[in-house]
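Results of the structural survey
Each chain is listed here by its residues.
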Amino acid sequence: MAKSAEQEHPTKAFGWAATDTSGVLSPFKFSRRETGEKDVRFKVLYCGICHSDLHMAKNDWGTSTYPIVPGHEIVGIVTEVGSKVGKFKVGDRVGVECMVGACHSCDSCDNDLENYCPKMVFTYSAPYHDGTTTYGGYSDVMVAEERYVVRIPDNLPLDAGAPLLCAGITVYSPLQHFGLTKPGMHIGVVGLGGLGHVAVKFAKGFGVKVTVISTSPSKKKEAIEHLGADYFLVSRDPDQMQAAMGTMDGIIDTVSAVHPLLPLIGLLKSQGKLVMVGAPNRPLELPVFPLIMGRKVVAGSCIGGMKETQEMIDFAGKHNITADVEVIPMDYVNTAMERLEKADVRYRFVIDIGNTLKSA
Amino acid sequence: MVKSPEEEHPQKAFGWAARDPSGTLSPFHFSRRENGDEDVTVKILYCGVCHSDLHSVKNEWGITRYPIVPGHEIVGIVIQLGNNVKKFKMGDRVGVGVLVGSCKTCETCQQDLENYCPSMIFTYNSTSQDGTRTYGGYSDIVVVDQRYVLRIPDNMPLDAGAPLLCAGITVYSPMKYYGMTEPGKHLGVAGLGGLGHVAVKLGKAFGLKVTVISTSPNKEDEAINKLGADCFLVSTNPEKVQAALGTMDYIIDTVSAIHSLGPLLAMLKLNGKLITVGLPDKPLELPIFPLVMGRKLIGGSDIGGIKETQEMLDFCAKHNITADIELIQMDYINTAMKRLSKSDVKYRAWGPIDPTEGFIYLPPNRSYYHIQKPYNVPEDRLYSFIWSSQAVGYNYSSGVWQFEGYAYVPYGTTGVCITQVFGPSTPHATTLMLRVYNGSLMYYMGPALVPDMYNEWFRLNVIHDVDAGKV
């Protein structure tokens, strides 16, 4: 007989979960496994709200298992480590991102690309090795295998650092993999939301020239003065777009709404690369001519491996890169989700778990 | 005032052109520029028929200016060299591909990537630096800057090598650029036409495992037994497609019809690369999820630079790779185009421009020469060549005969007979009489057939259908 969420594991846990496709979250009692010999247990202090949390809470992708406790930008302080854990000790500032498991024996895993392992286990709403379903970071405690835990550099604040665990690695990985980090290059960032604003900061950290491409002229001031972008293009303005044709070495496209690729391909220089990290749920139209005439590439990228995530966080620490966050109490989460749906946030909500998640 | 195609350049040329979007080709007189210091003049022997030629004659891409002489898989012999040309000599076997010019100074040109130069000039349907239009290889000669002329390796047949100049480089270039040449890796080739069949041959030469992905089950035998592919997959068979998911390191998509990229993306492994070289005239459907979840990429590629094209030709010669062709005559071209539009060709058709194709060559000898009047010029400077059944021992009273010769009429000579074909009944009734009067080639005293013949060598080719009494 299947055990209830509260009983399936030995230690009590508490969080907020969505129980149906309305996506509305409410208090939820469940349990976490004991700290195994390779596990790290930590008290969750903050958790970022990623747009994927919203998609999953509403089962937009058809893969959700209810009840679902979202959250995969989780940071906190270590309270217990397993006997075989070497990298962390009690009191360390750590984080867990989108994955908590993989097969560890395939090509991808061997290459530190657990994110591409066919058996990769998501931090929430996924079946774990022990047959139970994983629960994410909108909760008071987290237990994860050492391999899936990263250290947060001392100089990075936990709240503003949390979103880097998903948004940060999602843009850092393709910038590196597709060679878009050489000083002097010109990179475009499409969409100025959670992913986009972090992309601008990382790109500037690499010393490249950055142009933000957005549908909202109102974001220009912020982009240039606050985030440090060099230019701002309103994608609906044909003159602006025309003037920028053939000027970019690479573009990171963070937009998850359906949108035309033709103008973006036109912005690329010959042999330029358009990397999709937003995931529209319907196919887009790919004009083939411009791709061929300029030997251009359209590629995708999905988060990053654990080794790379640690590298990204250390880079962020070194360059003082954090996300721009709005810290909210736990019971604000449903309102936050509504605002997120309307893109009304600059630029990530972060739930103050440590101070505001109270058991009923 | 704009000059006509016949007048804009000094050298006469002849080819076949399409004049409107019906795409029907017909004979066309035009001209080629003088052979400059950097130029090579090529007598064209063969020209491949590329699907792009078909798209262009029908203006399917909306960029055609008529009249258009297509053809960018050109091979032939060097017949003239500019003063600065050292790489080639007279009689060399050479080829001209898709490009005949570029700016030579931009970054891409400096990297030997003339094919990505923003000022690139195509072999046909482009504007040259002098403002005139370029005309392609469905013609008798072409004049090209030496930089854009390729040498055809000695062991490569000209006819089967011609298609490599477009089809060959179009698949070779991305295979190298995107790193698709690691032995043991698995290459999928979507579409088995002019591009696809060359991709299979190159893939095998690189040591790859090759799977052909096609909508036509009847191509399987050919793909495996003749082209050497390892596997064949009918893309409309769901079970076969399912079994192939996530198995390919690379795919070259040569299909120019509209198709969804989803199934092809799904066949790629993690980090797989889908390279598209076909040119559909509308955008294709691209699902983003598989791209993102598998860090896959879709890249385009457009022919190749000249240096790379030469490298490709040398590679193909070394591995004995040529295209599979169907040889056609020039006047078959419209039928060939119709068949091409239905994909009814294995795999490239090319047409010889040389009208002697199909005729049996009978060499002339001195016994046919007779002294001709007028008699006020020394004998050793007069001769005519008379061919008759009695003289040569062939039965000239029926059949189709072809005569070809070169002639030169100096300025001031007028009334001279260039060629005369008598009728069958008596020696004096005439089927054809061509004379040069005041510099113009005329049929008796009728309208000039070709003006301004003075001081120029010209080639005359006459085909006489004895039974029909026509030339």
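Residues numbered from 1 in each chain as written. Chains lettered and ligands numbered in written order. Predicted model: local features only at pLDDT ≥ 70, side-chain atom pairs only at ≥ 80, totals over all residues. Heavy atoms only, no water.

Notes on the overall build of chain B
- Within chain B, the regular secondary structure consists of 12 helices and 26 strands.
- Pairs at least 24 residues apart make up 62% of the contacts formed inside chain B by residues separated by at least 6 positions.
- Within the structure as shown, chain B displays about 22000 Å² of accessible surface, and the carbon and sulfur contribution to it stands at 53%. (Helix = DSSP H or I, 4+ residues; strand = E, 2+ residues; numbered from the N terminus. Contact = heavy atoms within 4.5 Å. Areas by Shrake-Rupley, 256 points an atom, 1.4 Å probe, with all protein chains shown as cover.)

Some details on empty space enclosed by the protein
Residue and element names in this part refer to chain A.
- A complete count under the given rule lists 4 cavities of 30 Å³ or more for this structure.
- Surrounding the largest cavity, 14 residues form its lining, Arg32, Arg33, Thr134, Tyr135 and Val143 being those nearest its centre.
- Contributing elements (two or more residues each) for the lining of the largest cavity: strand 2 (25-32) and strand 8 (141-145).
- Of the residues contributing to the lining of the largest cavity, the split by class is 5 nonpolar, 6 polar and 3 charged. (1 Å grid on protein atoms, 1.4 Å probe; cavity = no way out; pocket = protein on both sides within 12 Å on 5 of 7 lines; lining within 4 Å. Points joined across faces, edges and corners; volume = space filled by probe spheres on them. Nonpolar A, V, L, I, M, F, W, Y, C, P; charged D, E, K, R; others polar.)

Focus on the confidence of the model for chain B
Residues and elements named next belong to chain B.
- For chain B, per-residue confidence averages 85 on the pLDDT scale, and residues scoring 70 or more make up 86% of the total.
- Across residues 350-354, where pLDDT falls below 50, the model places 27 contacts with residues more than four positions away in sequence or in other chains.
- The complex prediction reports pTM at 0.79, with the ipTM value standing at 0.85. (pLDDT = per-residue confidence, 0-100.)

Observations concerning the interface of chain A and chain B
- Across the boundary between the two partners, chain A contributes 34 residues, which contact 35 residues of chain B.
- Carbon and sulfur atoms supply 70% of the area buried between chain A and chain B, which totals about 3000 Å² over both sides.
- The three residues of chain A that bury the most area against chain B are Phe289, Ile292 and Arg295 of chain A, which together make up 24% of that side's buried surface.
- At the boundary of chain A and chain B, one finds 0 salt bridges.
- Put simply, chain A and chain B have 7 residue pairs in polar contact (both at pLDDT 80 or more) between them.
- Elements supplying a minimum of two residues to the side of chain A that touches chain B: helix 4 (167-177), strand 14 (268-276), strand 15 (284-286), helix 9 (288-293) and strand 16 (297-300) of chain A. (Buried area = accessible area lost by both parts, 1.4 Å probe. Salt bridge = Lys/Arg side-chain N within 4 Å of Asp/Glu carboxyl O. Polar contact = N/O pair within 3.5 Å; in protein donor to acceptor, adjacent residues only side chain to side chain.)

Quick look at the packing of helix 5 (residues 194-206) of chain A against helix 10 (residues 306-318) of chain A
Residues and elements named next belong to chain A.
- Contact geometry of helix 5 with helix 10 gives a least axis separation of 11 Å together with a crossing angle of 75°. Relative to helix 10, the element helix 5 is oriented roughly perpendicular. Contact residues: helix 5 offers Phe202, Gly205 and Phe206, while helix 10 offers Met312, Phe315 and Ala316.
- Its residues placed into classes, the contact of helix 5 with helix 10 shows 5 nonpolar, 1 polar and no charged. (Axes fitted to C-alpha atoms, helices over the stretch in contact; angles between N-to-C directions. Parallel < 35°, antiparallel > 145°, perpendicular 65-115°, else oblique.)

A few points about a negative patch on the surface
Residues and elements named next belong to chain B.
- Together, Glu6, Glu7, Asp452 and Glu456 line one region of the surface with negative charge.
- The topology assignment puts Glu456 in the loop between strand 25 (448-450) and strand 26 (457-465).
- For Glu456, a relative accessible area of 33% corresponds to the partly exposed category. (Patch = residues over 30% accessible without salt bridge, like charges linked within 9 Å, V, L, I, M, F, W, Y side chains within 5 Å. Lys, Arg positive; Asp, Glu negative; His and termini not counted. Charge placed at Lys NZ, Arg CZ, Asp CG, Glu CD. Buried < 20%, exposed > 50% of the residue type's maximum accessible area, 1.4 Å probe, protein only.)

Some words on the pairing of strand 13 (residues 248-253) of chain A
Residues and elements named next belong to chain A.
- Burial within strand 13 is extensive, with 6 of its 6 residues counted as buried.
- Relative to strand 13, strand 10 (residues 186-190) runs parallel, the two being bridged by 4 bridges. Residue pairing across strands places Gly188 opposite Ile251, the latter belonging to strand 13.
- One ladder, built from 5 bridges, connects strand 13 with strand 14; its direction is parallel. The residue bridging Met248 from the neighbouring strand is Leu268, located in strand 14.
- Note on the crossover from strand 13 through helix 8 (residues 262-267) to strand 14: the handedness is right-handed. (Pairing = 2+ DSSP bridges. Right-handed = clockwise from strand over helix to strand, strands pointing away.)

Considerations on the nonpolar core
- Phe202 of chain A together with Leu202 and Leu286 of chain B are the most contacted members of the largest nonpolar core, which has 195 residues in total.
- Per-element accounting of this core gives the leading share, 7 residues, to helix 5 of chain A.
- Residue contacts for Leu202 of chain B: discarding those within four places in its chain leaves Gly168, Val171, Tyr172, Met175, Phe315, Cys316 and Ile321 of chain B.
- Ranked by size, the runner-up nonpolar core spans 47 residues in total, among them Phe14, Trp16, Ile68 and Leu357 of chain A. (Core = buried A, V, L, I, M, F, W, Y, C linked by side-chain atoms within 4.5 Å.)

Some remarks on unusual backbone geometry
- Each neighbour pair has its own omega, and for Arg346 of chain A with Tyr347 of chain A the value is -10°, a cis peptide bond.
- Here Tyr347 of chain A is to be found in the loop between helix 11 (333-341) and strand 18 (348-352).
- With an omega of -5°, the peptide bond running from Tyr66 of chain B to Pro67 of chain B counts as cis.
- Inspection of the secondary structure puts Pro67 of chain B in the loop between helix 1 (51-57) and strand 4 (74-81).
- One non-glycine residue, Ala343 of chain A, lies in the positive phi region at around 60°.

Examining the packing of aromatic side chains
- Enumeration according to the criterion identifies 17 aromatic pairs over all chains in this entry.
- Measuring from ring centre to ring centre gives 4.8 Å for Tyr177 of chain B and Tyr178 of chain B, while their planes differ by 80°; the resulting arrangement is edge-to-face.
- Overall, the relative accessible area of 6% leaves Tyr178 of chain B in the buried class.
- Counting every residue linked through ring pairs, the aromatic cluster contains Tyr172, Phe202, Phe206 and Phe315 of chain A. (Phe/Tyr/Trp six-rings, centres within 6.5 Å; stacked < 30°, edge-to-face > 60°.)

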